Structures are given as C-alpha cells and as structure tokens.
Amino acid sequence: QSKAAVCAIMPAGGSRARAAMAMPRRSPRRVGARRWAVAAAAIGSAACWLRRGSGRTGRPGHTAFGLGAAAGAGGTRRAMLLTLAGGPASGRTVIGDTSIDAEGDVGYNLLHDTAAEELGDLNSKASASIGAEDDVGYNLLYETAAEEFEDLNIKALRAFPHYVRGDFVIPSVGQFEMGGRKFVGFLDSFGKLQKFHIDGDQVGATYRMMESGFYNMSRAEKTIGPGLLFYETSPPREKPWYNPIYNMPPYAPNDNTYVNTIQVGDAMMALTDSAAMLQVDPRTMRVIGNSDWADDLQDVVCCTGSAHPLPDPKTGEWIGLLGNSGILSEETTLRLFRFGGDSPRTRRSVADVRMDTPPYIHSFGVSERFAILPRMPVKFSATSVAMAPMSAAFQPIEVSKEGFENAFYIVPLDGSPGIVRTVPQEEPLWFTHVVNTYENASGVVIDIVQAPGNPFASDLTVDAARDKRKRDIAGVAGKNLVKRFLLPLDSDVPVSSALISDAGTFTDFPKINPKYRSRQHCFYWANEWFSDGRAHASMAVVKYDVCSGERKRVWSRRHWYPSEATMVPSDREGAAEDEGVLVFVALDGARGETWLLGVDARTMETVSEAGPFPRIGFTTHGEFYPGGSAGA
C-alpha cells in the first residue's frame, strides 16, 4: 500500500518552517569545500541565472510546504474505475490518410525478444528487418533550417474552418553549427519561431531565428558562444583558465527559450525550463527582450523552472514554478506563483514546497483546487551545472523504498495543508508531459507520459537522432507510455495507475481540448513513434478515447513526420468534446518540404492543408492563438 505524508503549509521562515515539521528530515548533503566555493561563486554571479534575487529562502506572505504530520486531509475511500483505452495493437482501428495492416508489423516481435538474446544479436536482427528505403527524409529534422522571411502567403488546397482563424505558432531547432563548431546535443541548437496566420484558404507564414542573447553573442563572436548546454560543442569551446564559470551569468545570457510560447496580456512569451522568459513581437516573431519581473521571488540560486505553466481554471491567471536552492546545501524550495491578469510583470507567490534535493519538473498539473508536482527520482545538481554540461546535472536518486523523491506533491492553491502521495519504488516516476489533471470524488486524477528511464539523461545527441539503428534499438529498452494515476486524498487509500495508450508504440506530446483543461476529459491526441511496430521514425498523430475504450484513431502519411498537434475546438454551441480541428505541421521527408495540416479531431481525416513551405526542423510545442498572436 502506498504511503501518504500530510504536509503542513505555513508562512515560510527558515527555522520556523523547520520547527513545524513533525517528521524527521535528512541533513543536507555536503560536498568538498573547494567544489562548493567555486559553485557558490558561479551561482552568486548568476543571480538566479538571470538576475539577483533577495537572497532569502523565506519571507512573510509566502507559504512553506514541509514534510510534516499535520492533520490529515479529507477524502473518501471510494475507488475510481479507471477506463482503459484501446485493445491489442494488432487489432486497432486506424482511420485517416493511411492504414497500417498486419503485414506492417514485420519484425515487431523482435522488440520483445530480449530475454534470450544478447543486445548485439538483437541489434543485427532488428536492423535486418528494416528496409533501406525506410525513414526517407527523417534526418532532415536534425539539419540546419535557418531560412527567415515574413508573410509568405500560400493558398490552402482546402480552406480551414471559420473558427480556425488565427495564428499557429510553433518553435523549433533552427541552426546546428556556427563558425567551425557544431552542437552535439540537438536541444542545444539555436532556436527558431514559426508562425502561420490562418484565414480561410489563405495562410501567411513567418519564420524567424530567435534573436536571443545567446544567438546574438554567438554571431558577434562568429562561433557558438558561452552558455549552458546539454553537451559541450565539437570542437569544445574555449574557456578562460581563470574563469571556470564562463558559461554562467553574467558571462552568458542562457536565454535560448524556444520550447514553448504563451500569451500574457497582449504579450507573447517564449519559455524553457528555467526562470528565463523572452518577450516576442507577435506579428514579426522578433525577440523584444527579457522579461523584467517586478518581484523578488527568485533567490540567488534559482536552479530550475517549467516550460509548461498552466492557467488557473478559476481566474485564468498563469501558474508557474521556479526552484530556489541553497548555496551550501542541496535543500530546495519549489515556489509556485501566479502571473498575468492585471499585473503581467509581477509574480505572486502561491506556495513553497520544500525538498531535500533539487528536482527537475518539466511539466506539472493544475486542477480546480490543486497543483500537482510529480517528483522524479533525480536531482538536478546546481554544482554540476556550474562546472559541466547540463547532461551531467541529471543525477539519479537510488530508490530502495517508497519516499518523497518518487512521489506526487499535491499543493492546494489556497494555501491550506497539502499531502504527498508516494509511488512504489518498482515504478519510478520518470515522465515528460502531463496530459491533464482533474478532481473526482476520491481525489485527483492525473494523466501523464511516463518514460522507461530518466528522459533528460538519455542520448539526446544529434548523432543519435540521425542514426537509424540507434533510434530504433532505443525502443527495445522501453517506450514512453501514457498512464492515468488516481491520487486519493485519503491517506489510507493507495495510489493506483492504469495504462491508457498503446503499449507497443512510443507516445508523447499529448494535447486535449483546451476547454476541458482541469476538467474530466474523454479524449487526448498525441504524437506516436514506432507506429508500424518497427521503426522510431514511423510517426503518426493519434487519438485516444479513455471513456468508451474505442480503439485509437490514427493520421499518418508515408515518410511524413508530424509535429505536436494542437486541438482547436469548434465554436458551435453544444459542440462535442472531440469536435474541432487538429492543427500541426509535418515534414514531407521525400521532398524536404513542410506543410500545414488541419485534421478533423473526431475522424482523423484531413480537412485542410497548405504548402509547401520551406523545411522546419525538429519542433517543440505549438500553440494556437485565436484571431492572432496577440488575441486580436
């Protein structure tokens, strides 16, 4: 049975917060004095990797989330019936531009034949099952596509529905090299923004390299400049011998924030997993500058943030998070905050969550009353970040028993007591994205993309992404799957989970109807890899019905590689949850061209398409802005 820890939330204040904890805590881990001295100098100069905060870990008006033994939260013991989606992969219904029949599963069983095979034999067998003609053009996603232009107009082959009038903005990697140096990690590449203004059968495209401080400094130096990277460049950048923290602020801007975009008032902001945000002109896609926050929520060591803030379902304000760590200890305070509304430049604290080690939370959940923070068994070491590439910072935590480093933190948005629901140690909470979060009679339901291992410590190099054998064999070790977790508020009721995606394919980049965010939903759409059961580059956009259990529906085209699909709901009064259009871009690998697609969210059949446009590289998270990027 899963354990639960009831957490006391009280005004933050260092010793006051510690004294209120009824449960003993481990002392912060210490490291060598010299190592910490260098790290402290790096972190102090970084000023939260952006600017200097107050230096305090607690202040009046903030709430602290300590692992204590306050009064238990209420709830019921009534279990929720989790509805599974779909059936066996071999019997699934495939609807859309193409279908995958039984003959398409040649070699599929090789992926499950590891018990009696050595990895070398498995590699050779898997490779033998894959024809040379497969994956045509897939590697183009990981090659430089730096072309820029504004308002390139193309008439769609078929008009988009009237309610799909607005801007679809999707970031991507743009440039993989500069001045004789190449990025080793594909996520390190210079970011780029693409906007498609949709109006009936007219589509106007604007492509723009992100003119971040990192990009501008690199252009000035005519090579890849200083900054934090997942992997060091090839050849390595030169670093002054007297300044080991050359890749930290104030020497490097670290603002390559191309992962996601959101709208804050009339402004568009570009985000990544840090406290940094860049303001972008919604018409031209040019970077205007850094966000200048009129608050002091960031401390000296601000080690992390999230690229996926979520709107409060009651107020519409954005809810984000940042992580403040100690200079001489690993103890970390995750600070939830609100921003937007009448004060777009001021973040207002919601709650502080205390953890013994710094976590890495790429995404999280928000229901009507709670924020749900999934804690992976990994610490994001600020010391390693200061001294080495970011790939070294994701340090695994050995999970020998259930505990707070492999758990869901349930944080009330009103500052009342919250709880931690731990997950069994045999099910490490490795994850990438949250599908949706909502409440039912017994607790909180969160649908999450669970990975077979730490997804941010896997091989994220350009070479691995371009190597067919490596990417196909990587699927043997496991695939990303979507799971539903029920987190009862009653501490005596165990956490339960159920698989809600095809176990034979790799599923990620999920989206729902935005009108159902923080509410019970029946449908989600996602990207799928290994769609044919054999090749990573066999990609599709899929639809799952988690209420009726109807088999998944699929959109795919041979040698086409789709981006994350954004669901634009119908404006018809009384429209069904799956009534709308999926908007996404897809690379036609055979021709090296990108198209903008509109697909019926219910049937998964193409209803609109425009192109060809110049090629776009590997994309991250797209957003649709009705009327226009600034909500016009």
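Scroll up a little and you will see the structure.
Residues numbered from 1 in each chain as written. Predicted model: local features only at pLDDT ≥ 70, side-chain atom pairs only at ≥ 80, totals over all residues. Heavy atoms only, no water.

Our focus in this paragraph is the overall build of the chain. Check the secondary structure of the chain and you find 7 helices and 37 strands. When burial is assessed residue by residue, the chain has 61% of its 632 residues classed as buried. Within the chain, residue pairs in contact and separated by at least 24 positions form 67% of the contacts whose partners lie at least 6 positions apart. Surface summary for the chain: the accessible area is close to 23800 Å², and the carbon and sulfur share equals 52%. (Helix = DSSP H or I, 4+ residues; strand = E, 2+ residues; numbered from the N terminus. Buried < 20%, exposed > 50% of the residue type's maximum accessible area, 1.4 Å probe, protein only. Contact = heavy atoms within 4.5 Å. Areas by Shrake-Rupley, 256 points an atom, 1.4 Å probe, with all protein chains shown as cover.)

The subject of this paragraph is the sheet that holds strand S26 (residues 481-488). Pairing is antiparallel in the open sheet, where 4 strands are placed in the order S24-S25-S26-S27. Edge positions in the sheet fall to strand S24 (431-439) and strand S27 (496-499), since each of these pairs with one other strand and no more. On average, each strand axis in the sheet is inclined to that of its neighbour by 20°, with strand direction left out of account. The pairing of strand S25 (residues 443-450) with S26 spans 8 bridges and is classified as antiparallel. Across the sheet, the residue bridging to Asp447 is Arg484, located in S26. (Pairing = 2+ DSSP bridges. Axes fitted to C-alpha atoms, helices over the stretch in contact; angles between N-to-C directions.)

Below, the discussion takes up the environment of Gly200. With respect to the helices, strands and loops of the structure, Gly200 is situated in the loop between strand S7 (190-199) and strand S8 (202-209). Residue Gly200 is classed as partly exposed on the basis of its relative accessible area of 23%. Considered as a pair, Gly200 and Lys155 are 45 residues apart in the sequence and their alpha carbons are 9.0 Å apart. Discounting residues that sit within four places of it in the chain, Gly200 has contacts with Ala159 and Phe160.

Now for the side chain of Ser218. In this fold, Ser218 is placed in helix H4 (residues 213-221). Once you skip the residues sitting within four places of it in the chain, Ser218 turns out to touch Met178, Phe190, Thr223, Ile224 and Gly225.

Bringing the sheet that holds strand S4 (residues 166-175) into the picture now. Taken together, 5 strands build an open sheet; the order of strands is S3-S8-S7-S4-S37 and the sheet is antiparallel. Unpaired on one side and paired on the other, strand S3 (149-155) and strand S37 (623-626) mark the two borders of the sheet. Sheet twist, expressed as the mean angle between neighbouring strand axes with direction ignored, is 25°. As defined by bridge partners, S4 adjoins S7 across 9 bridges and the pair is classed as antiparallel. Across the sheet, the residue bridging to Val173 is Gly191, located in S7.

With that settled, consider the environment of Thr357. Summarising the element assignment, Thr357 is placed in the loop between strand S17 (343-355) and strand S18 (365-366). In this structure the C-alpha to C-alpha distance between Thr357 and Thr332, which are 25 residues apart in sequence, comes to 5.9 Å. Those residues in contact with Thr357 that sit more than four places away from it in its chain are Glu330, Thr332, Arg375, Lys379, Ile397 and Glu405.

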